[in-house]
Every structure is written in C-alpha cells, then in structure tokens.
Amino acid sequence: MQITLKDGTVKEYEQERSVYDIAKDISEGLARIACAGEADGEIVDLRTMISNDCQLNIVTVNDPEGLKVIRHTASHVMAEAVKRLFPEAKVAIGPAIEEGFYYDFDHPPFSREDLDKIESEMKKIIKEGHAISRFTMPREEAVQYMRERNEPYKVELIEDLPEGSEISFYDQGGFVDLCAGPHLMSTKGIKAYKLISSSMAYWRGDEHKAQLQRIYATAFNKKEELAAYLEHLEDIKKRDHNKLGREMELFTTVDVIGQGLPLFTPKGTKMIMKLQRWIEDLEDNEWGYVRTRTPLMAKSDLYKISGHWDHYKDGMFVLGDEKSDKEVFALRPMTCPYQYYVYKNVQRSYRDLPYRMGETSTLFRAEESGEMHGLTRVRQFTISEGHLVIRPDQTGEELRGCLELAYYTLSTLGLQEDVTYRLSKWDPENREKYLGDEQYWESAQEALRKILVEKGLPFVEAAGEAAFYGPKIDIQAKNVYGKEDTMITIQLDCAIAENFDMYYIDENGEKIRPYVIHRTSMGCYERTLAWLIEKYAGKFPTWLCPEQVRVLPISDKYNAYAEKVAAELKKNGVDVTVDSRSEKIGFKIRAARLDKLPYMLVVGQQEEADGTVSIRSRFAGNEGVKQLDLFIDQICREIRTKEIRKELPEEEKVK
C-alpha cells in the first residue's frame, strides 16, 4: 500500500500498519510528539490500522487537533482522579472544548480544596505513566459492562446508540471509560494542566434531568503556554462585566426582584441614556426614521395574527388563562406587530415607502434560569428596534443601509473589529417551524447573501438560525469567556404583510404587499453595556463615561474655585463632580484612578490666580496646565466627535 504524506513523500508498506508505527518509521522524534493521524481528511487514533492507500498527516502536539487530543486524554485522567478520591461519584461526559476540557460527575459540589486534591491525584496518575489502550465490545455487552461498574450515565449513552453497534473503550491502567477517542498513547503525554472551577450542569443540558457537577479545566503541551493562559484568565476576571459592572456601581440585582431583572444605578443609567439618545438622534436626523411609542403588552389575538403565539409562546410572559372567559394578554417579546398597526393607521402609497419606524423598545422574554448571565441574557431588556416597510424593488438599497448603519454604530463604539457575521438560514428539514415555501426562503436568503458579499464582509452560513418568518444577518460577538451572542440583527420578511393585510397603493392604483425589514442599529442596550464593560475593562471612551471629569482642590481653601470650574464644565454639557473631601491630594488622585475617570483637574492657589487647571488624564498622565476655556474646548470636541483616545502604556505616561 502507498501512504502519501503531507509533504508529498510516498511511503510503501507490504502489510497494514498503525498510524503510530508509520510516524515512528518516519522519525522517532515525530512519534514522540504524535497525538493522532489525519487519514484522508479524517482525524483517527494513533492505534488505527492503515491497510489501504491513503493520504496521511501525523497530528502533533503543535497542531490544534493535537491539543484537543491532549485535553481529551487529560479529561480521562481527571475522571480517574475523581473516582480514586470519591469512589461514589458517577461519571457522565468529558469532552475537550475550545479553551480546555470539562467532565460532569454525579456528586455533591466540589470545593476549591477538592479541586486541588484532584489536581494532586492527577499528577500521581500521570507520573505512573500507564499505557492507554483501546478495545471494543458489542453494544449489549457494553451496556452490561457499564451496569456492572454502576455507571448509569454511561449505560444511557450506550443504549442511545444503534443496536448492533461496536462500542469503543479506553483503558489507562485499570480505569476504563467509554470513548470514541482519539487519545494519547500514555498518560505521560500530559505536561501542563490546571483545574479552573466547578459549577452545576444539567445532564444533557436538560433542566428536567439530573443536576451534575461540572469541573472545568485546561491543558497545554508546555508549562509556559499554561502560564500564559492562566494570566489571560486573570485578565478575564478583571474584565467580566458581571463582576466589574457591580464594582463600578453600574448595576446590581436583587433576589426579591428576580433573576434577569437588573437594577441600573445612576451611573449605569446615565451610560444607557447616552447610548439611547445618540441612537435615536442618529436614526431620526440622519437615517430618515420616524419614532413610535407602543404598549408593553397586548391581547393574545395580536400574537396569533403575527404567528408568535404558535411559534414563540413558550418564550413569552402570558398574563391570564386561556381557559377562563377573561381576555389573555402577554408582555411583548418584540415590537414588530405593534408597529405594523402604526403603518396601517393611514393608507400609504408607493411614494411613502420606505417607511422606517424606530422605537426604543422594552421587551420581555421568559429565559430559563440557567441561560441568564449578568446583562447579556436577561428577562427584561431594551433595544434600538426598527421596522422598515419597503417596496420589493427597495430591498437591496434598504438592506445595505441597515448594514451600513449597524457598522457605523459599531465603529463609533470601537467594536467593529470584535464581531463576526452570520447568515442565519431556515432548516428545510424542519419546515413546520417556518412560514413560506422553499422558493420564498431561497430568494430571501439570497438577497441577504448578496448584500454581505457586496460589502466584502466575511460571513458564515448557519441553517436553522433564522426567525420563523425570515432569514437574518446576525452580527455576533464573544464575551470574555468565549460565549457568542447576537449583538445586532437584520431580518428580511417577505411574508408577514399578508397576515396583517398590509399594503401600499402602487402607481397603477393597485394594492401591493410590501416587504418588512426587522433590524436593530445597536441591539440590546443591556448587552451592549456588558460588551463595552468587557471591551474597555471599565475604561470607557470619554463621551460614554458617567463621570467625565473630577475636580480635585488641593485643600478646602480652593473648594470655591473647584465649584466654579465644575459649573463652567456643566454649562458645556460635561459630566463633572468635585471631590471636596478633607483628604490629601494624593488620596484624591488615587481614588479617581481607581474609578477609571478620563480626566482629573487639580486646582490650587496658582490655578485659581491664573484661571487655569492642572490636567491629569487616564490616557497620558500629567498633561500640564491649561486655561480652563481651552480645556473645555478640548474635552467638548472629544465628546462631540466620540473620539476613542488611546491610553499610553504606564511607563510612557508623564508622572
């Protein structure tokens, strides 16, 4: 047989050989760092026997797929350590994931001390250096094998496989686990690992099933790589909006109010108000939107017309019982059906279109408790929602405009480099979920695809992610932990006008059904604030800061001048406070730095005499003394242009 290697070299063998033996034949050094093989494009175990001609690449510790193998093997070592220390624990699943690996156990919660003990036990197992071997058995025998080991979750997994299947296991010195592989040849291949945390997880992600304990961990080939990752985790903790936003007193939550219902403090409220006023002015003054204001709830009749009652009822807060004689209402999960009736309020002609409606909409969605996190997923939220009623011939131009507006808002916020684009399509295998036929979906999807291609934006396509009424362009971003959320969405809907009897009068006097674009220009304000907290680690651009300047008198004698300076700044629309506490100036400066303020203005005898301020900024340190009116011009220009001023490295700042 002929084996074609990655570099084009051809190896010939008369008898079948394992991937590992082929690697060893190529080079002893290659075999030492080999983790798996890639045979004709498929990742296979090192133990896999090659018996036919194929293209073979040896996957090493330096390859992403090799790192997955290391982590998968480490998850088995962790499971063995848990079983040694806590024999009563039942093992569930333990895959490699993007940042490391995890394993789920049926066991009481693990403490940090428990995790440290598990780490130590893993070290012993790795040092023992057991060879890892693979074996298989028929499905029925495999079920009995795991029953005898009292591992009910493994039994369930095997029983879900087709009858007659051959089930694979891996044995590492007596610890046997159900697994498809691939794995390293020995536990000694694990060089650097760390158990990060533990938390509750539902078996198979179903809240109606058993609550398990998930241990998150990571592994790398080198200790230096692990150290860099752990340092990265420390930075993540500092940026986590759920922690930092509370420390900065931007928002809080209260148990008696409810999960997913954040309370915004004056600082957080001011930030959201700045975002909201900017977006409303931008849409209305520059992009041709009209503003609407619609109710927070409606009768179920409205949602039955729109289709939400059939397709989305489980995600809504329903008020009342359909079995009673009373009217049933629901808090709105979206604004579109309300705005349709604003459009229908008067008869429109083709000259009136596009008719762009914008609304700052407070919405309600019945999120599951396990899905909610900080401000990124909540039960009440506010979005920059809009609906464009358009003629079919305006589709391309208006979609392009929606995408350009979204890109402009992202660029202004400094977030344009942090997003990815997704064309969210229907799933033709699940037709009952969607309105419209195949031709409708293909044409609508192609319209969105064309705009993305025109704008030169790289994007992925995802089946099954569309709304029930139409495909979407979803602009995605990841939080500091790597979880992806939709930040902005643009949806094309060519079907809903029929449900609401929406029409316009064309140039021939005929009634024509319009199309509708559902879109957000910035998305959910709560989620955007979370994103900004994490992006800037709380050091926001000056225009967004709830406190832009703090005036620091060096002693009580200069409080009056400090107040005068603050009054001038306030007259010019700058958010300013005065620290008039009877504290030393060094204490006040440190406090302002901890609060991540853009500017501190130190004032004393000389400043009062000259009408100046001594400027210290977050960006450059000591910026020297300026006339007050010149500083006001400077900061007002920075706020007006929404400049994102870069912060110098600490060693370059003027002390």
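Residue numbers run consecutively from 1 along every chain, following the written order of its sequence. A pLDDT threshold of at least 70 governs which residues receive local features in this predicted model, and a stricter bar of 80 or more applies before side-chain atom pairs are shown or counted, although totals over entire chains, interfaces and linings include all residues. Neither water nor hydrogens contribute to the side-chain values; these are computed over all heavy atoms in the structure.

K.L.:
What am I meant to see in the nonpolar core here?
P.N.:
Across soluble globular proteins, nonpolar side chains have a tendency to be buried as a group. To form a nonpolar core, buried Ala, Val, Leu, Ile, Met, Phe, Trp, Tyr and Cys residues must be joined to one another through side-chain atoms within 4.5 Å. Think of it in three bands: residues with accessible area under 20% of the maximum for their type are buried, residues over 50% are exposed, and the middle band is partly exposed, with areas taken using a 1.4 Å probe on protein chains only. Counting residues in hydrophobic clusters, the biggest one holds 71 residues, and the most contacted among them are L403, L413, F540, V549, L569 and F631. Residue contacts are defined here by distance: any two heavy atoms, one from each residue, within 4.5 Å place the two residues in contact. Among all residues touching L569, those that are not within four sequence positions of it are V549, V574, V576, L601, F631, I632 and I635. Ranked by size, the runner-up nonpolar core spans 32 residues in total, among them A36, F105, L115 and Y193.

K.L.:
Mind showing me how you'd approach the pattern of salt bridges here?
P.N.:
Close approach of charged atoms lets side chains of opposite charge pair. Salt bridge, as applied in this entry: a Lys or Arg side-chain nitrogen positioned within 4 Å of an Asp or Glu carboxyl oxygen. The final tally for this structure, using the stated rule, is 53 salt bridges. Linking D485 and K483 is a salt bridge whose minimum nitrogen-to-oxygen distance equals 3.2 Å. By relative accessible area, K483 is classed as partly exposed at 40%. In this structure, D501 and R513 form a salt bridge, with 2.8 Å as the shortest nitrogen-oxygen distance. Taken together, the residues D501 in the loop between α15 (496-499) and β28 (504-505) and R513 in the loop between β29 (511-512) and β30 (515-524) connect sequence positions 12 residues apart. Three or more residues joined by partner-sharing salt bridges are found here, namely E80, R84, E121, K124 and E128. The helix and strand labels rest on DSSP assignments: H or I over at least four residues marks a helix, E over at least two residues marks a strand, and numbering proceeds from the N terminus.

K.L.:
Honestly, a negative patch on the surface in this entry has me stumped. Any pointers?
P.N.:
The grouping of E207, D314, E368 and E371 at the surface amounts to a negative patch. Topologically, E368 is positioned in the loop between β22 (355-364) and β23 (380-390). Residues enter patches when they are more than 30% accessible in relative terms and free of salt bridges; like-charged ones are connected within 9 Å and nonpolar ones (Val, Leu, Ile, Met, Phe, Trp, Tyr) within 5 Å. Under the convention used here, a 1.4 Å probe and the Shrake-Rupley method define accessible areas, while residue burial counts only the protein chains that appear. Charge assignment: positive for Lys and Arg, negative for Asp and Glu; neither His nor the chain ends contribute. Here the site of a charge means NZ on Lys, CZ on Arg, CG on Asp, or CD on Glu.

K.L.:
What is the right way to look at the sheet that holds strand β19 (residues 297-299) in this model?
P.N.:
Sheet strands pair by backbone hydrogen bonding; their relative direction is either parallel or antiparallel. DSSP-based pairing: two strands are paired if at least 2 bridges between them are found. Pairing within the open sheet is antiparallel, and its 3 strands lie in the order β19-β21-β20. Edge strands, defined here as strands with exactly one partner in the open sheet, are β19 and β20 (318-319).

K.L.:
Whenever I open this one, the sheet that holds β30 confuses me. Can you help?
P.N.:
With respect to topology, 8 strands assemble into an open sheet ordered β18-β22-β23-β30-β27-β26-β24-β25, the strand pairing being mixed. Two strands close off the open sheet at either side, each with one partner strand: β18 (289-291) and β25 (459-463). Going from strand to strand, the sheet's axes swing by 30° on average, the running direction of each strand aside. Pairing of strand β27 (residues 484-493) with β30 involves 4 bridges; the strand directions are antiparallel. Bridge pairing in β30 places D493 opposite V516. Here the axes come from fitting lines to C-alpha atoms, over the contacting stretch only for helices, and the angles between their N-to-C directions go from 0 to 180 degrees. Sheet strands in contact with helix α13 (residues 395-413) are β18, β22, β23, β24 (419-425), β26 (472-478), β27 and β30, and its direction is about 0° off that of β30.

K.L.:
Would you mind going over a nonpolar patch on the surface with me for this structure?
P.N.:
A cluster of nonpolar side chains, contributed by V254, V256, I257 and L263, occupies part of the molecular surface with about 340 Å² of accessible area. Of note, V256 is situated in the loop between β16 (251-252) and β17 (263-264).

K.L.:
Hey, could you run me through the packing of aromatic side chains in this one?
P.N.:
By convention here, two paired aromatic rings are described through the distance between centres and the angle between planes. A pair of aromatic rings is counted whenever rings of Phe, Tyr or Trp (Trp by its six-membered ring) have centres within 6.5 Å, and the orientation is called stacked for planes under 30 degrees apart, edge-to-face for over 60 and tilted otherwise. Considering all chains together, one arrives at 23 aromatic pairs under this definition. Seen in terms of ring centroids, F105 and F110 are 6.0 Å apart; in terms of plane orientation they differ by 80°. Their pairing is edge-to-face. Considered together, F105 and F110 belong to a single accessibility category, that of buried residues. For the ring pair Y599 and F631, a centre distance of 5.5 Å and an interplane angle of 75° mean the geometry is edge-to-face. A residue pair is termed long-range when its members are at least 10 positions apart, and Y599 in strand β33 (residues 599-603) and F631 in helix α20 (residues 628-640) qualify at 32 residues. On the accessibility criterion, F631 (0% relative accessible area) is buried. In textbook terms, an aromatic cluster arises when at least three aromatic residues are bridged by ring pairs, as seen for F86, Y103, F105 and F110.

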